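# Examination of the molecular architecture
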Amino acid sequence: MSQQHPGPPHQPDQPPAWGQPRQPGPYGPPPQKKKLSTGAIVGISLGGLFAFLVILGAVAGGEETADGKAAAQKPTPTAPVTSASTPAAKATVPAGPSSIEPGKKAETGRLPDFVGKGLQYAQDEAQSLGFYRLRSHDSLGRGRNQAFDRNWKICSQTPAPGTHKTDVTIDFGAVKLEESCPKNDMGAQPDAEAGGTMPDFVGKSVKVARGALPSNASITVKDAAEDRMVLMESNWKVCAQNPKAGAGLDGRPITLTAVKFEESCP
């Protein structure tokens, strides 16, 4: 007869007590550990990071005092930042008398004789000596503008050479380089606008005549020699006019006959 080894007495499974987990039998499989899901791992990681940020913020916000209250962090004083455009960057000038005082005499300078010189050269030299109020006019009285100063030469200057205040206005009478200066400057005094009577325009440029007449005047310009169009009126001189000089300007149309300056009137 085979000998049988008695095993542990058989005990029927008993229901666990209330609230206690069921215990496996002596011959059952060992208990298995539950694995954490990916969402749980991520949640734990985020929770730890949040707790670290909270602690870091508390440290940065202030120091812990003995009684447990956080002391406010004192602001660190910084130097003011300035730039060249801010008033702080500008040098402070002590209060004092202004460099330009009311009633103060203007400076004086020596004005050379520029007659016969080029207009551009005279203007540059005058400015280098402190004279900045400069003007020029057509000495032939034709009303031309000195658009290109290098193409003009000086026939007269006002005031005359000598010592003058630097704020004086200097007027140069000029003609073009290929022209001759007139004996008398015919453009030093600009023609005043016509009043109620017709001025004498014979020998003057059509441009000057038109500028002196009222802006609402009806003006016709004819070529006295040929049937040409009068385009650049500063190059044409008046030979005859209607109405005559001294006649009343009562709205009647005005007729001017003219030729070019290098031509003779018929």
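Residues numbered from 1 in each chain as written. Predicted model: local features only at pLDDT ≥ 70, side-chain atom pairs only at ≥ 80, totals over all residues. Heavy atoms only, no water.

Turning our eyes to something else, we now look at the pattern of salt bridges. Opposite charge on two side chains makes pairing possible when the charged atoms of those side chains draw close. Per the stated rule, a full pass over the model turns up 9 salt bridges. With a closest N to O distance of 3.9 Å, glutamate 226 and arginine 228 form a salt bridge. The closest approach of N and O atoms between arginine 228 and glutamate 263, which form a salt bridge, is 3.0 Å. Taken together, the residues arginine 228 in the loop between β8 (219-223) and β9 (236-242) and glutamate 263 in the segment after β10 (254-260) connect sequence positions 35 residues apart. By relative accessible area, glutamate 263 is classed as partly exposed at 25%. Each of Asp138, Arg142, Arg144 and Glu179 takes part in one network of salt bridges that share partners. (Salt bridge = Lys/Arg side-chain N within 4 Å of Asp/Glu carboxyl O. Helix = DSSP H or I, 4+ residues; strand = E, 2+ residues; numbered from the N terminus. Buried < 20%, exposed > 50% of the residue type's maximum accessible area, 1.4 Å probe, protein only.)

To continue, consider the sheet that holds β10. A sheet is described by the order of its strands in space; here 3 strands give the open sequence β8-β10-β9, paired in mixed fashion. Of all strands in the sheet, those with a lone pairing partner are β8 and β9, marking the two edges. Averaged over all pairs of adjacent strands, the angle between strand axes in this sheet comes to 30 degrees, irrespective of strand direction. Both β9 and β10 contribute to a ladder of 6 bridges, which runs antiparallel. Along β10, the bridge assignment pairs lysine 237 with valine 259. (Pairing = 2+ DSSP bridges. Axes fitted to C-alpha atoms, helices over the stretch in contact; angles between N-to-C directions.)

Our next topic: the state of the cysteines. A full pass over the atoms with the stated rule returns 2 disulfides. Paired through a disulfide, cysteine 155 and cysteine 181 show a sulfur-sulfur distance of 1.9 Å. Where cysteine 155 bonds to cysteine 181 through sulfur, the torsion about that S-S bond is close to -80 degrees, and the disulfide is left-handed. Remark: cysteine 181 occurs in the loop between β7 (170-176) and α3 (206-212) and cysteine 155 occurs in strand β5 (residues 152-158); sequence separation between them is 26 residues. Classification of cysteine 155 by relative accessible area gives buried; the value is 16%. Linked covalently through their sulfurs, cysteine 239 and cysteine 265 form a disulfide whose S-S length is 2.0 Å. Between cysteine 239 and cysteine 265 the sulfur-sulfur dihedral comes to about -80 degrees; the bridge is accordingly left-handed. Of this pair, cysteine 239 sits in strand β9 while cysteine 265 is found in the segment after β10, placing the two residues 26 residues apart along the sequence. Within the protein, bonded cysteines paired by disulfides and numbered along the sequence follow the pattern 1-2, 3-4. (Disulfide = S-S within 2.5 Å.)

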